[in-house]
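Descriptive analysis of the structure
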Amino acid sequence: MFRRLSSSLPKDPKFPADLEKLGYYINEKDQIRSIAHPDEEFNFFISKNERVREMQREAFDTCIRRELSARFEASGLNITRLPLNVGPSDPHVPILTSSNLATAKRLIVYFGESMQDLGIFAHRIIGQNSIASGSALDFVHAIQSRESNAGTAIVIANLGQLVWYRRGQRAVTITSWNALPRKTGVSNPLRIDAVKNRVPGNGSTKEHVKSVFEEVLVKLARQDAMIDLIGLGEGAEEAVGYLDQNWKHWENKVRAICVGVGFVWRVQDDIHNEKFIDFWGKRARAYLIHSVPVETPLAGRQELSCNCFSSGESAFTECIMPRSHKSMLAFFQLVNDMPGYFEAELDIPKDEDDMSKVVRWETGIRAESPRAA
């Protein structure tokens, strides 16, 4: 029997977390493009070796995280650590909160997908369109640009970075965890310890959603602030599930809800609180994967128990927010401007001769790709 020593195995590949050294730059359109070929986007397939591709992508994504961190701060968004009152080197999950959180009479809270870094909607949009449009930057600027939103605070939760990397003293996604340095280029990923690599009260998406509601919205925000809530994918499911169980406390605080989903979700199977399901039917909207223009009414109320609209995105759940956040914010403004407003039930007939407004759920399954991973 033969055994190869680790010294004879290929070394774990390394890439500098520097855009220029990686061969890229940010152009005048806020797009990341190749220095050698300015018309080309990020090239994931630089090698047939999966580990090489994985490590290059992590270095590239680190550059994006650093760039966004500076821009978020410039936009008035601060890092708030959960649990509250822990130090920067203690296990924590970072979220983004605007500086006016304690005084704002209105809050817009976003719960995203469980595979994304903080403040990032879709890396594929960052790569194709711009850094601002593929992240929460355009979303934040759209809120801040409205005069009517002068007293509005923003909270962006972090369902992705729930693994605590002790050596780096930071929270990371599973993708980033798998890209941590290994002994060799063929070694197995580091083991995640159920205690040491988890953050108290934020060890799962369910716990993190509860922490945002009960730590941030209860302890840091005004008690009379009204809340508009956006949930995407798993973030939508977890937020709705939490509200269903705790609606008695939040029914006078939550004003409207928008969710973005790309899968079959029979909401009535998950919601059991009659008062909440009544609110959901009147003050919630679902934005679904569909190719017709944004805000086109769609059939789907039978499954989601609320009015459904096209997100303008035809393939990927992660791209729903960049495509439809302006429509969501317009809906929130409508509810804010019209006390007592509720949605009239939209009955979209399933005409056999016109299936353009019928959701084909099989195309809504989240598609995976190297960029999405």
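Residues numbered from 1 in each chain as written. Predicted model: local features only at pLDDT ≥ 70, side-chain atom pairs only at ≥ 80, totals over all residues. Heavy atoms only, no water.

Labelled according to an unreviewed UniProt entry, the protein appears under the name Arb2 domain-containing protein, originating from Letharia lupina.

Given two aromatic rings, one states the distance between the centres and the angle between the planes to describe the pair. Counting across every chain of the model gives 19 aromatic pairs. Three or more aromatic residues joined by ring pairs form one cluster here, namely Trp247, Trp265, Phe276, Phe279 and Trp280. Above the face of the phenylalanine 316 ring, arginine 124 is positioned so that its terminal group lies 3.6 Å from the ring centre. Its end group placed over the ring of phenylalanine 309, arginine 285 keeps NZ or CZ at 4.5 Å from the ring centre. (Phe/Tyr/Trp six-rings, centres within 6.5 Å; stacked < 30°, edge-to-face > 60°. Lys NZ or Arg CZ within 6 Å of the ring centre and 35° of its normal.)

Pairing in this open sheet of nine strands is mixed, and the strands run S3-S4-S6-S5-S9-S10-S11-S13-S12 from one edge to the other. Unpaired on one side and paired on the other, strand S3 (77-82) and strand S12 (297-298) mark the two borders of the sheet. One ladder, built from two bridges, connects S12 with strand S13 (residues 307-310); its direction is antiparallel. Bridging across to S13, leucine 298 finds its partner in cysteine 308. Where helix H5 (residues 137-144) meets the sheet, its contacts fall on S3, strand S5 (106-111), strand S6 (152-156) and strand S9 (226-232), and the angle it forms with S6 comes to roughly 165 degrees. (Pairing = 2+ DSSP bridges. Helix = DSSP H or I, 4+ residues; strand = E, 2+ residues; numbered from the N terminus. Contact = heavy atoms within 4.5 Å. Axes fitted to C-alpha atoms, helices over the stretch in contact; angles between N-to-C directions.)

Below, the discussion takes up the packing of helix H7 (residues 205-219) against helix H8 (residues 234-245). Running from N to C, H7 and H8 point in directions that differ by 60 degrees, and their axes come no closer than 9 Å. As the angle between them shows, H7 and H8 are arranged oblique. Regarding H7 and H8, the two cross each other, and that crossing is right-handed. For the pair H7 and H8, the contacting residues are Thr205, Lys206, Val209, Lys210, Phe213 and Glu214 in the first and Glu234, Glu238, Ala239, Tyr242 and Leu243 in the second. (Parallel < 35°, antiparallel > 145°, perpendicular 65-115°, else oblique. Left-handed = near helix turned anticlockwise from the far one by under 90°.)

Right, let's talk about the UniProt feature "domain: Arb2" (unreviewed entry) in the protein for a bit. Under the local residue numbering, the UniProt record ascribes the feature "domain: Arb2" (unreviewed entry) to residues 15-293. Within the segment residues 15-293, helix and strand shares are 33% and 20% respectively, and the terminal C-alpha atoms sit 41 Å apart. (UniProt positions renumbered as here; feature names shortened; annotations may be inferred.)

Turning our attention to the pattern of salt bridges. According to the stated counting rule, one finds 18 salt bridges in the structure shown. Put simply, glutamate 67 and arginine 71 hold a salt bridge, and the shortest N to O gap is 2.9 Å. Taken together, the residues glutamate 67 and arginine 71, both in helix H2 (residues 50-74) and four residues apart, mark about one turn of the helix. Relative accessible area serves as the criterion here: at 22%, arginine 71 is assigned to the partly exposed category. Across the salt bridge formed by aspartate 193 and arginine 191, the nearest N and O atoms sit 3.9 Å from each other. Residues joined by salt bridges that share partners form a network here, namely Asp12, Arg51, Glu54 and Arg182. (Salt bridge = Lys/Arg side-chain N within 4 Å of Asp/Glu carboxyl O. Buried < 20%, exposed > 50% of the residue type's maximum accessible area, 1.4 Å probe, protein only.)

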